[in-house]
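Report on the structure
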Amino acid sequence: MDKSHLHSSHPKISARLKRARGHLDSVIAMIEEGRPCTDIAQQLHAVEKAITNAKRALIHDHIDHCLDESSAESTADFKEITRYL
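Cut-off values and rules
- Residues numbered from 1 in each chain as written.
- Predicted model: local features only at pLDDT ≥ 70, side-chain atom pairs only at ≥ 80, totals over all residues.
- Heavy atoms only, no water.
- Salt bridge = Lys/Arg side-chain N within 4 Å of Asp/Glu carboxyl O.
- Buried < 20%, exposed > 50% of the residue type's maximum accessible area, 1.4 Å probe, protein only.
- Patch = residues over 30% accessible without salt bridge, like charges linked within 9 Å, V, L, I, M, F, W, Y side chains within 5 Å.
- Areas by Shrake-Rupley, 256 points an atom, 1.4 Å probe, with all protein chains shown as cover.
- Helix = DSSP H or I, 4+ residues; strand = E, 2+ residues; numbered from the N terminus.
- pLDDT = per-residue confidence, 0-100.
- Expected span 1.5 Å × (residues − 1).

In this structure the tally under the stated criterion is one salt bridge. With a closest N to O distance of 4.0 Å, Arg35 and Glu33 form a salt bridge. The exposure class assigned to Arg35 is partly exposed, which follows from its relative accessible area of 38%.

Bringing a nonpolar patch on the surface into the picture now. Residues Leu24, Ile28 and Leu44 make up a contiguous nonpolar surface patch of about 230 Å² in total accessible area. You can see Leu24 is positioned in helix H1 (residues 10-33).

With 86% of its residues at a pLDDT of 70 or more, the protein has an overall mean of 84. Predicted confidence in the protein is weakest over helix H3 (residues 72-81), with a mean pLDDT of 73, and strongest over H1, with 94.

What follows concerns H1. The terminal C-alpha atoms of H1 lie 34 Å apart, and with 24 residues this matches the ideal 34 Å at 1.5 Å per residue to within 8%. Along H1, the residues that are buried comprise His10, Ile13, Ala20, Val27 and Met30. Just downstream of H1, Gly34 is the residue with a positive phi angle, here 80 degrees.

What follows is the structure in structure tokens.
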């Protein structure tokens, strides 16, 4: 990762994703154990929300810190990142 793109929010986002990875590992174990599908779906939903929230935080941080200049480059960057919303 280019250090110039490391923001103060990135460690928190990384921590969120690591927690989501742990939950996903738990979901895999639930499937292997034959747990009820409703329980598995509930946990998958939680994992999905955690990843969505991490993505949203990353994009909002990018908009706040990287797009403060009103230039053609910033506009193009803004259009590019909004593809992931």
